[in-house]
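Fold and geometry: a report
So you can see what is in the structure, the chains are spelled out below.
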Amino acid sequence: MLDFIIYALIAGLSVAIVAGPLGAFVVWRRMAYFGDTLAHSALLGIALGILFDINLSLAVVLCCVALALGLVAMQRQHWIATDTLLGIMAHSALSLGLVAISLLDNVRIDLQAYLFGDLLAITPEDLKWILLGGIAVLAAIYWLWKPLLAITINEELAQVEGIQVARYRLALMLLIAMVIAGAMKLVGVLLITSLLIMPAAAARRMSATPEQMAIFASMLGSVAVVGGIALSWFADTPAGPSVVVCALVIFLLIFFAPRPRA
Amino acid sequence: MSNPDLARLDGVSLRFGNKSVLNNVNLPLHNDCITTLIGPNGAGKSSLVKVLLGLVKPTEGTVWTKPSLRIGYMPQKIQIDRTLPLTVKRFLQIPHGYNQNDIEAALASVGAEHLVDYSIHDLSGGEMQRTLLARALLRNPDLLVLDEPVQGVDINGQTELYRLITDIRKERKCGVLMISHDLHLVMSSTDHVVCLNKHVCCSGHPEAVSADPAYIELFGASHASTLALYNHHHNHSHDMHGNVVEGDCCGGDHA
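Structure report, in brief.

Calculation criteria
- Residues numbered from 1 in each chain as written.
- Chains lettered and ligands numbered in written order.
- Predicted model: local features only at pLDDT ≥ 70, side-chain atom pairs only at ≥ 80, totals over all residues.
- Heavy atoms only, no water.
- Helix = DSSP H or I, 4+ residues; strand = E, 2+ residues; numbered from the N terminus.
- Rg over C-alpha atoms; globule rule 2.2 N^0.38 Å.
- Buried < 20%, exposed > 50% of the residue type's maximum accessible area, 1.4 Å probe, protein only.
- Contact = heavy atoms within 4.5 Å.
- Areas by Shrake-Rupley, 256 points an atom, 1.4 Å probe, with all protein chains shown as cover.
- Lys, Arg positive; Asp, Glu negative; His and termini not counted.
- Charge placed at Lys NZ, Arg CZ, Asp CG, Glu CD.
- Phe/Tyr/Trp six-rings, centres within 6.5 Å; stacked < 30°, edge-to-face > 60°.
- Lys NZ or Arg CZ within 6 Å of the ring centre and 35° of its normal.
- Axes fitted to C-alpha atoms, helices over the stretch in contact; angles between N-to-C directions.
- Left-handed = near helix turned anticlockwise from the far one by under 90°.
- Pairing = 2+ DSSP bridges.
- Salt bridge = Lys/Arg side-chain N within 4 Å of Asp/Glu carboxyl O.
- Buried area = accessible area lost by both parts, 1.4 Å probe.
- Polar contact = N/O pair within 3.5 Å; in protein donor to acceptor, adjacent residues only side chain to side chain.
- Nonpolar A, V, L, I, M, F, W, Y, C, P; charged D, E, K, R; others polar.

It is worth spelling out the overall build of chain A at this point. From N to C terminus, chain A includes 11 helices and zero strands. Counted from the first residue to the last, chain A has its helices and strands arranged as α-α-α-α-α-α-α-α-α-α-α. Relative to a compact globule of 262 residues, whose C-alpha radius of gyration would be 18 Å, chain A shows 18 Å and is just as compact. Principal-axis analysis of the C-alpha atoms places the extent of chain A at approximately 55 × 50 × 30 Å. Looking at chain A as a whole, 51% of its 262 residues are labelled buried. Counting contacts in chain A only where the partners sit at least 6 residues apart, residues at least 24 apart contribute 75% of the total. Working note: accessible area of chain A is about 12,700 Å², and carbon and sulfur atoms make up 70% of it. Charged side chains in chain A number 13 positive and 14 negative. The centres of these two groups are separated by 13 Å.

Structural data, given as structure tokens:
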């Protein structure tokens, strides 16, 4: 009876927990715009997934990774700055996705659901993938935590100290791509980055170590998910944007809270 | 220089597109010896260090390092985003998980033991440089590579840092390669000077280099402050007169 709200809660909490530590990396490494670009390309992944009839989450991950690799290759040239490049890629990927979906004659797609999320339409099958993916990403973050932190502090130092920087940077991109595939159901491609960066940014003020910041980000993200779903339930608002609005309220509360006296 | 070699650059050239950054540079680095790299802005000092560290692949030439050479690297400056909460202790721990004793010993050896619980974002220029030096020392290096170790440090602090580097070398008998803007400051704490301006202009004992016409041409008689102005035209003039003074000054290094 209330199955769909339980599914929505479990899926939302899984994504929020995983997004905490990854969002922290996105904030520390100033990758917000990069995350946005990957998220925009998710829609292209959906279109290609339908076209080639493969699992849509897998298609999104593959598309994000392909875009990330393309970006790394493009960064080797020096005549266009990275932020311009990201802007070109983000909007091209989104537009290509929209055009491709409109060309798929036989398929009716609820575009709104992909752009802004449709948390309350999550099926048990979706849930299974989100949970499995979430556990895999969390395990990977735990395992890669130290080298990821080392390349975040300084890539050259890490390289000289024997860390394979390129490999870990790629791993981080892959993990972000997986979270985007999961979060798309929750808040949609246009709002995913907010779920990564807002809880992490809010967690900064209450954290004294990187680990604390990652854990607090997961917790604040979870609160935002529960609050957003509650808002959606009681006020009949769209679930994805409601979650983001809750994250904003949390961020503002913490940002403007009086500084505790040490 | 009878000490065993730690590392060697042989005929290293580096180009980015059409821009030549390094041109046929030979540089041996020895145990228990401080080599100082001087040269004007844009002379390729940092690039040379990056080639040595394996961060940048040379366009031509080879980099040889002693097998299992441990390098401690102190970058020019590092920027850590303020959103990353990090204490000095944690900064030194990552990624190899050194224990508390090692970390305190490394900080003590650079005179910065009181900083252990500071946030990395609250350090002054000099404190940051000491912390970076401590991190390089934690690896117990055979070769210390210091890119402008006194950057952002006031003049008293600079003298102190150079003395610290000299002491570290005496104590550990390791090789040191450092980059500096100013020969006069490092004169007393260096054994070997290499004057770089895309190619090696001259090299040798500090006194010999400071009297070398190529050096004087590069820096002016005592006008270290005007060195940026000298960036280009000297290249042509001293390609023509290949003065050889003590050391291997202006020898066959030119292309």
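Residues and elements named next belong to chain B. Of note, S68 is a non-glycine position whose phi angle comes to about 55 degrees, a positive value. As for its position among the elements, S68 is in the loop between strand 4 (60-65) and strand 5 (71-74). S68 gets classed as exposed once you look at its relative accessible area, which sits at 69%.

Each aromatic ring pair is characterised by the separation of its centres together with the angle its planes make. Tallied over the full model, the rule gives six aromatic pairs over all chains. Here the aromatic rings of F251(A) and F255(A) are separated by 5.5 Å at their centres, their planes lie at 25 degrees, and the arrangement is stacked. Here the residue F251(A) and the residue F255(A) both occupy positions in helix 11 (residues 239-256), the gap between them amounting to four residues, near one helical turn. Feature note: the residues F25(A), W28(A) and W145(A) constitute an aromatic cluster, connected by ring pairs. Between the NZ or CZ atom of R8(B) and the centre of the ring of W64(B), over which it lies, the distance is 4.9 Å.

With that settled, the discussion passes to the side chain of T152(A). On the secondary structure map, T152(A) appears in helix 6 (residues 124-153). Leave out the neighbours within four places in its chain, and T152(A) touches F25(A), W28(A), R29(A) and L84(B).

Residues and elements named next belong to chain B. Here L27 is to be found in strand 2 (residues 19-30). On the basis of relative accessible area, L27 is assigned to the buried category, the value being 3%. Between the C-alpha atoms of L27 and F16, which are 11 residues apart in sequence, the distance is 21 Å. Discounting chain neighbours no more than four positions away, the residues touching L27 are A7, R8, L9, T35, L48, L177 and V194.

Residue and element names in this part refer to chain A. The geometry of helix 1 (residues 3-28) relative to helix 8 (residues 165-187) is characterised by a closest axis approach of 10 Å and an angle of 145 degrees between their N-to-C directions. Judged by the twist between their axes, the crossing of helix 1 over helix 8 is left-handed. Here helix 1 contributes G12, V15, V18, A19, L22, F25 and V26 to the contact with helix 8, which in turn contributes L172, L175, I176, V179, G182, A183 and L186.

With that settled, consider the pairing of strand 8 (residues 192-197) of chain B. All names here are of chain B. Taken across its six residues, strand 8 has six buried, putting it largely inside the fold. Side chains H192, V194 and L196 of strand 8 all project onto a buried face; the interleaved residues V193, C195 and N197 project onto the opposite face, where all are buried too. The sheet contact formed by strand 3 (residues 34-38) and strand 8 spans four bridges and is parallel. From the neighbouring strand, L37 faces strand 8, where its bridge partner is V194. Strand direction decides the pairing type here: strand 8 and strand 9 (residues 199-204), joined by five bridges, are antiparallel. Bridging across to strand 9, V194 finds its partner in S203. Between the antiparallel neighbours strand 8 and strand 9 lie one residue, among them K198 with a positive phi of about 75 degrees.

On to the pattern of salt bridges. Between side chains of opposite charge, a pair can form as their charged atoms come close. In total, this model carries 14 salt bridges over all chains according to the counting rule given. Here R29(A) ties to E155(A) by a salt bridge, and the two come within 2.9 Å at their closest N and O atoms. In this pair, R29(A) sits in the loop between helix 1 and helix 2 (32-52) while E155(A) sits in helix 7 (residues 155-160), placing the two residues 126 residues apart along the sequence. Exposure remark for R29(A): the relative accessible area of 18% places this residue in the buried category. The exposure class assigned to E155(A) is partly exposed, which follows from its relative accessible area of 26%. R90(B) is paired through a salt bridge with E211(A); the nearest N and O atoms lie 2.7 Å apart. Here R90(B) is found in helix 2 (residues 88-93), whereas its partner E211(A) is found in helix 10 (residues 210-235) on a different chain. In this structure R90(B) comes out as buried when scored by relative accessible area, which is 17%. Residue classification places E211(A) among the partly exposed residues on the basis of a relative accessible area of 25%. One salt-bridge network, in which partners are shared between bridges, spans R29(A), E155(A) and R169(A).

All right, on to the interface of chain A and chain B then. Each partner contributes residues to the interface: chain A has 23 residues there, and chain B has 24 residues. Counting each side, the surface lost to burial between chain A and chain B is near 2,100 Å², with a carbon and sulfur contribution of 63%. Applying the counting rule to chain A against chain B returns eight residue pairs in polar contact (both at pLDDT 80 or more). At the level of secondary structure, the elements contributing two or more residues to the side of chain A that touches chain B comprise helix 1, helix 6, helix 7 and helix 10 of chain A. When grouped by side-chain class, the residues that make up the side of chain A that touches chain B number 12 nonpolar, five polar and six charged.

All names here are of chain B. Read from one edge of the open sheet, three strands run 2-1-4, paired in antiparallel fashion. For this open sheet the edge positions go to strand 2 and strand 4, each flanked by a neighbour on one side alone. Sheet twist, expressed as the average angle between the axes of neighbouring strands with direction ignored, equals 15 degrees. Where strand 1 (residues 5-16) and strand 4 come together, five bridges link them in antiparallel fashion. By the bridge assignment, R8 is partnered in strand 4 with W64.

The values are spatial; any link to function lies outside them.
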